[in-house]
Amino acid sequence: MTLKKSNVFLWCIFTLIFISCKNKSTENFSAIQGDILCMLVGTYDSDNNQGLSVYEFNSETGEIKFVSQFSAISNPSYLAVSADEQFVYAVSENDKAAAVAVAFSFDKETGTLKLIDSEQTRGDSPCYIAVNKGNNFVTTANYSGGNLSVFPVNKDGRLLPISQVFDFQNEEGDSPASRIHTTFFSPDEKYLFVTDLGKDKIYRYTVKADADSGMFLQQQTTVADLEKGSGPRHLSFSRDGHWMYCLCERSGKIAVFQYDEGNLNLIQSVASDTTSGTDKKGSADIHLTPDGQFLYSSNRLKSDGIAIFSVNSDGTLKSIGYQPTGGHPRNFIITPNGKFLLVASRDNNNVSVFSIHKETGLLENTSIEIQIEKPVCLKFISRHKQ
């Protein structure tokens, strides 16, 4: 009996040492496995240059805990996660040779990122990145470059050299200059939509994925000419795919479109930023709750906060509230269970957690937050391996 107890004791000690060594560079995840998400935070460069950080987020309690950091990347301002959650892609929002798309593998067990490779975007200030569900192509929106880049992706997640670049400037010095802000797939991925904040247009491409030839996008078409000075920025589709919502940065308005097989029909224009008057507006991000009942949009530069809308049966929006946030809420994210909305406030150097009222859609500040310098993008990855 004594020997058996001794063996059990030694086995326990060995197990604890093994776990400690395995997690030497990261903190352990919460024991409440089913409620945990991995939260990735992209940032702009600061004195401490935090790069990409990984946290665990309890989607039932709202609690957040630091896990790991990958600092060897400059200005990772937007992120995309592959459908199988094995890979993470980021833009490095810089100019010239430093303007790159970056590929990482992601380990769910340790919550750590491992660099795979990077490729130049051939366009300055890449500010948005997207990956198709098959994880065989990545696209970047190059803001001041005024163009769109397409990268084939290898089976191991590695980015291959650019296969397509689409320029939206008619000629050098073209005015107004194109400012490409988003590349966004339709729900069925038959089309890719591209917002041109500079020229107030939304373009559409037909997706024809052919990894052998490197051909991915065909047939550019302008599907929406928005009012002058509106500045279309980010997009969101309804769950049933019948409606598309475009948040316009400069006008502070949301354009609501009826969507049908790649075609857009404008049915409503509603103010997201209702508090800045005629001053310059800076609307930023837009998302629907998982059940599609409520829509939220962030506004910056003057009255920092989140505009709250209920969604009518015909896809139109009704303003129901406004939630003040920290300074410059550039990006926010909603948990898959629809319980929390997290806001990255760049100028307040924090990510704050708001609870979503299930019936009204209104937000309540939980007072839970993390301090991180210049956060600008949030993405979730499920805790469990698929």
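Preceding this section is the structure that the text describes.
Source: prediction; values computed, not measured. (Residues numbered from 1 in each chain as written. Predicted model: local features only at pLDDT ≥ 70, side-chain atom pairs only at ≥ 80, totals over all residues. Heavy atoms only, no water.)

Novice: When you look at empty space enclosed by the protein in this model, what are you seeing that I'm missing?
Specialist: To find the voids left in a structure, one rolls a probe of water-molecule size over its atoms. Applying the stated criterion across every chain yields a total of one cavity of 30 Å³ or more. Looking at the largest cavity, its volume works out to about 50 Å³. Every residue lining the largest cavity is listed: Ser-77, Tyr-78, Cys-127, His-181, Arg-233, His-234, Arg-330, Asn-331 and Val-376. Mapped by element, the contributors of at least two residues to the lining of the largest cavity are strand S4 (76-81), strand S16 (232-237) and strand S24 (329-334). Of the residues assigned to the lining of the largest cavity, the class counts are three nonpolar, four polar and two charged. (1 Å grid on protein atoms, 1.4 Å probe; cavity = no way out; pocket = protein on both sides within 12 Å on 5 of 7 lines; lining within 4 Å. Points joined across faces, edges and corners; volume = space filled by probe spheres on them. Helix = DSSP H or I, 4+ residues; strand = E, 2+ residues; numbered from the N terminus. Nonpolar A, V, L, I, M, F, W, Y, C, P; charged D, E, K, R; others polar.)

Novice: Looking at this structure, how should I read the nonpolar core?
Specialist: Soluble globular proteins: nonpolar side chains tend toward being buried together. Tyr-89, Phe-104, Leu-113 and Leu-217 are the most contacted members of the largest nonpolar core, which has 49 residues in total. Counting residues per element, this core draws most heavily on strand S6 (residues 100-107), which supplies six residues. Discounting residues that sit within four places of it in the chain, Leu-217 has contacts with Leu-148, Val-150, Gln-164, Phe-166, Leu-192, Tyr-205, Thr-206 and Val-207. Counting residues in each nonpolar core, the second largest holds 16 residues, with Val-41, Phe-340, Val-351 and Val-353 among its members. (Core = buried A, V, L, I, M, F, W, Y, C linked by side-chain atoms within 4.5 Å. Buried < 20%, exposed > 50% of the residue type's maximum accessible area, 1.4 Å probe, protein only. Contact = heavy atoms within 4.5 Å.)

Novice: Help me out: how do you make sense of the side chain of Ser-352 in this one?
Specialist: One can find Ser-352 in strand S26 (residues 350-356). Dropping the residues within four chain positions of it, Ser-352 is found in contact with Leu-341, Leu-342, Val-343, Ile-368 and Glu-369.

Novice: Is there a simple way to think about the sheet that holds S16 in this case?
Specialist: Pairing between sheet strands relies on hydrogen bonds along the backbone, with the strands arranged either parallel or antiparallel. With respect to topology, four strands assemble into an open sheet ordered S16-S17-S18-S19, the strand pairing being antiparallel. Each end of this open sheet is capped by a strand with a single partner; those strands are S16 and strand S19 (263-271). Put simply, the sheet's adjacent strands are angled 25° from each other on average, direction ignored. With six bridges connecting them, strand S17 (residues 243-248) and strand S18 (residues 253-260) associate as antiparallel partners. Looking at S18, one finds that Leu-247 is bridged to Ile-254. (Pairing = 2+ DSSP bridges. Axes fitted to C-alpha atoms, helices over the stretch in contact; angles between N-to-C directions.)

Novice: Just checking my understanding: could you explain the sheet that holds strand S28 (residues 375-382) for this structure?
Specialist: In spatial order, the strands read S3-S2-S1-S28; together these four strands make up an open sheet with antiparallel pairing. Only two strands of the sheet have a single neighbouring strand rather than two, namely strand S3 (64-70) and S28. Across the sheet, the mean angle separating the axes of adjacent strands is 25° when strand polarity is ignored. When strand S1 (residues 36-43) meets S28, the two strands line up antiparallel, connected through seven bridges. Bridge pairing links Gly-42 to Cys-377 in S28.

Novice: Any chance you could explain the layout of surface pockets here in plain terms?
Specialist: Computed from the structure, the largest pocket encloses a volume of approximately 1,500 Å³. Lining of the largest pocket is provided by 44 residues; of these, Val-81, Tyr-128, Phe-184, His-287 and Lys-379 occupy positions nearest its centre. Taken together, the elements giving at least two residues each to the lining of the largest pocket come down to S4, strand S8 (126-131), strand S12 (180-185), S16, strand S20 (282-288), S24 and S28. When residues in the lining of the largest pocket are grouped by element, the largest group, five residues, is from S28. For the lining of the largest pocket, a count of residues per class yields 25 nonpolar, 13 polar and six charged.

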